[in-house]
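A closer look at the structure
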Amino acid sequence: MQIHLNYHLKWIEVMSAKNNKIANLKLPNGSNIEFPIHSGTIGPDVIDVKKLYSESDHFTYDPGFTSTGSCKSKITYIDGEKGVLLHRGYKIEDLAENCDFLEVAYLLLNSDLPNPEQKKVFDNKITTHTMIHEQLSMFFRGFRRDAHAMAVMCGVVGALSAFYHDSTDITDPSQRLVASHRLVAKIPTIAAMAYKFSIGQPFIYPRNDLSYSENFLNMMFSVPAEKYEIDPILSKAMDKILILHADHEQNASTSTVRLAGSSGANPFACIAAGIASLWGPAHGGANEAVIHMLNEIQKNGNVYEFIKKAKDPNDPFRLMGFGHRVYKNYDPRATVMKKTADAVLGAVGKEDEPMFILARELEKIALEDDYFVTKKLYPNVDFYSGIILQAMGFPSSLFTVLFAVARTVGWVAQWNEMIEDSEQRIGRPRQLYIGEKQRAFTPLNKRN
Ligand code: SDX
């Protein structure tokens, strides 16, 4: 813990007699407030400032929450400096290499990986919830054909609460469990239906004889008119991509789900809120933005032009797929993603895919450029994912949808943890008010 000084406040860490760590805040009026410091299993300690306002009439101020812990969690741990990502203590590299997606989904929703019997029961539970209420398919027809698939996802997932009322009571653990399984099971079906609707093809029903990833590829790409062969390399790649996107601590969309859930909103509405937040290009929309950027570079400019724009403080352009709020090292997911890209492009005969070659050239140039090195900007999970998805036949408008399919289990796990946390209450941040002081009202006929 550093000692932070400025001319008003002084934070000093002191060890109290009981050897519990205390932070001592000295205020301008000379008063002292002691705050408990909590330690987790691994990672930074936290200063518990819950009582700051009641005892000092001050708020903390932390736009973007760069230094704020919003909750306690056992699900995911990230060490941004070292580029480490753990789910319930297991390294993401080990999970991506050795598990299928539902195994990791079980891990996120429970406290450990499933044994063979638990996996069989869980897989069956999810598989038998993959169909959606037939009337919901009418819901899609209300959208324009050219609606962005994320708009459809926000609408349809939010509407699930109108069809599955029997799993919306968040105080009932059994209803929360059913809603959790329904969301994980139905999200690929809804995503595939959003795609089929956009291209005017018939919806493909889920099949219970296929794995989660095989089923998703089948619903996405098969047509009634002919047999669809599922390439095992592609379904294995799909598992990896879903695993790499499944959860990531308290990111923007997960925090959105937790905040929505803190008011007691039903799980379907909370996940729809998470989908809306994920859509932003600074977050889950980045994979789609990476492809647009690479297309631009291929068409209009050379790589160095774009690197120059990304470094120009007056140019809003940023190198999409680069940088991260937490990772100040290589995003471990990007490393696995890059290897998966090699496998997929090889499987579909696109080893020399120009866009992949360009991406690797762009990455090499950026990683040797002082601007990116000093600001610790490395490729993140989104940098290579779009190239793989494009090679697998996904249109770029579906990339963020795929991110939402994967992240739904992370959102659901975090939502459950929030509800079961006795310390959690409705999220209601305060502000630093910089507006007008109170002033007299002027009637309309007296305003010039
Ligand atoms: C995801 O939070 C998560 O965990 C998210 C995620 C998950 O799994 O949930 O990991 C998924 O969202 C990955 C990130 C995808 N987004 C992008 O690839 C978009 C491009 N990246 C940037 O927009 C940016 O890096 C963010 C949004 C990801 C992080 O922004 P921060 O933490 O607010 O960092 P910042 O904007 O304060 O940047 C610090 C500096 C700035 O320069 P200065 O003002 O200090 O001079 O680095 C610069 C930024 O201008 N910078 C970039 C840059 N990213 C940051 N400059 C050029 N290109 C970039 N990509």
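Look up a bit, the structure's there.
Heads up: these notes are all about the structure in this document. (Residues numbered from 1 in each chain as written. Predicted model: local features only at pLDDT ≥ 70, side-chain atom pairs only at ≥ 80, totals over all residues. Heavy atoms only, no water.)

A tally of regular secondary structure across the chain gives 18 helices and eight strands. Over its C-alpha atoms the chain spans a radius of gyration of 24 Å, differing by no more than 12% from the 22 Å that the globule rule assigns to 448 residues. The dimensions of the chain, computed from C-alpha atoms along their principal axes, are 80 × 65 × 55 Å. Considering the chain as a whole, with its 448 residues, one finds that 46% of them fall into the buried category. Of all intrachain contacts in the chain linking residues separated by at least 6 positions in sequence, the fraction that spans at least 24 positions is 67%. If you sum the accessible surface of the chain, you get close to 23,200 Å²; carbon and sulfur atoms cover 54% of it. For the chain, the distance from the average position of its 49 positive side-chain charges to the average position of its 51 negative side-chain charges is 7 Å. (Helix = DSSP H or I, 4+ residues; strand = E, 2+ residues; numbered from the N terminus. Rg over C-alpha atoms; globule rule 2.2 N^0.38 Å. Buried < 20%, exposed > 50% of the residue type's maximum accessible area, 1.4 Å probe, protein only. Contact = heavy atoms within 4.5 Å. Areas by Shrake-Rupley, 256 points an atom, 1.4 Å probe, with all protein chains shown as cover. Lys, Arg positive; Asp, Glu negative; His and termini not counted. Charge placed at Lys NZ, Arg CZ, Asp CG, Glu CD.)

As a further point, take the packing of helix α12 (residues 286-299) against helix α17 (residues 382-391). At a minimum axis separation of 8 Å, α12 and α17 run at an interaxial angle of 75°. Considering the angle they form, α12 stands roughly perpendicular to α17. Here Ala286, Asn287, Val290, Ile291, Met293 and Leu294 of α12 come into contact with α17, specifically with Asp382, Phe383, Ser385, Gly386, Ile387 and Gln390. Here the contact of α12 with α17 is composed, by residue class, of seven nonpolar, four polar and one charged. (Axes fitted to C-alpha atoms, helices over the stretch in contact; angles between N-to-C directions. Parallel < 35°, antiparallel > 145°, perpendicular 65-115°, else oblique. Nonpolar A, V, L, I, M, F, W, Y, C, P; charged D, E, K, R; others polar.)

Before going further, it helps to examine helix α6 (residues 149-159). Each α-helix winds once per 3.6 residues, and so residues spaced three or four apart point in a common direction. Across the eleven residues that make up α6, a large majority, eight, are buried. Taken as a whole, α6 has its buried residues at Ala149, Met150, Val152, Met153, Cys154, Val156, Val157 and Ala159. Against α5 (136-140), α7 (173-199), α11 (267-278) and α18 (399-420) lie the buried residues of α6.

Enumeration according to the criterion identifies 16 aromatic pairs in this entry. Judged by centre distance (6.3 Å) and plane angle (70°), the ring pair of Tyr195 and Phe221 falls under edge-to-face. In this pair, Tyr195 is assigned in helix α7 and Phe221 in helix α8 (residues 212-221), connecting sequence segments 26 residues apart. Considered together, Tyr195 and Phe221 belong to a single accessibility category, that of buried residues. Seen in terms of ring centroids, Phe322 and Phe383 are 5.1 Å apart; in terms of plane orientation they differ by 85°. Their pairing is edge-to-face. Of this pair, Phe322 sits in the loop between α13 (303-311) and α14 (332-347) while Phe383 sits in helix α17, placing them 61 residues apart in sequence. (Phe/Tyr/Trp six-rings, centres within 6.5 Å; stacked < 30°, edge-to-face > 60°.)

A word on the side chain of Asp382. For Asp382, the position within the fold is in helix α17. Although buried, Asp382 forms no salt bridge, and the nearest oppositely charged side chain, Arg333, lies 6.4 Å from it. Excluding anything up to four places from it in sequence, Asp382 contacts His245, His283, Ala286, Asn287, Val290, Gly321 and Phe403. (Salt bridge = Lys/Arg side-chain N within 4 Å of Asp/Glu carboxyl O.)

Both strand β6 (residues 76-79) and strand β7 (residues 84-87) contribute to a ladder of four bridges, which runs antiparallel. In the strand pairing of β7, Asp79 is matched with Val84. Connecting the antiparallel pair β6 and β7 is a turn made up of four residues, with Gly83 showing a positive phi of about 70°. Here β7 runs beside strand β8 (residues 90-91); their pairing, made up of two bridges, is antiparallel. Across the sheet, the residue bridging to Leu86 is Lys91, located in β8. The antiparallel hairpin formed by β7 and β8 contains two residues in its connecting segment, where Arg88 sits at a positive phi of about 50°. (Pairing = 2+ DSSP bridges.)

A general trend in soluble globular proteins is that nonpolar side chains are found buried together. Counting 119 residues, the largest nonpolar core has Met238, Ile275, Leu319, Met392 and Phe394 as the members making the most contacts within it. Ranked by residues supplied to this core, first place goes to α18 with 13 residues. Leu25, Phe35, Ile37 and Leu52 belong to the second-largest nonpolar core, a separate cluster that totals seven residues. (Core = buried A, V, L, I, M, F, W, Y, C linked by side-chain atoms within 4.5 Å.)

Another aspect to go through is the sheet that holds β7. Pairing is antiparallel across the open sheet formed by three strands, whose spatial order is β6-β7-β8. A strand with exactly one partner marks an edge of an open sheet, and here the two such strands are β6 and β8.

Contacts to the ligand come from 23 residues, most closely from His248, His324, Arg325, Arg333 and Arg407. Taking Tyr371, its side chain carries an N or O atom lying 2.9 Å from a nitrogen atom of the ligand. Within the side chain of Arg407, a nitrogen or oxygen atom sits 2.7 Å from an oxygen atom of the ligand. Protein burial of the ligand: of its 1,000 Å² of free accessible surface, 74% is covered by the chains. (Near = heavy atom within 4 Å. Polar contact = N/O pair within 3.5 Å; in protein donor to acceptor, adjacent residues only side chain to side chain.)

Here the focus is helix α4 (residues 116-127). If you check α4, its first and last C-alpha atoms are 16 Å apart, about what twelve residues at 1.5 Å a residue would give, namely 16 Å. Those residues of α4 not exposed but buried are Lys119, Phe122, Ile126 and Thr127. In a view along the axis of α4, the buried residues occupy a sector of 130°, so they form one face of it. Among the structural elements, α3 (101-109), α7 and α8 are those in contact with the buried residues of α4. The N-capping residue of α4, defined by a side-chain oxygen 3.0 Å from the backbone nitrogen of Glu117, is Asn115. (Expected span 1.5 Å × (residues − 1). Arc of directions from axis to C-beta.)

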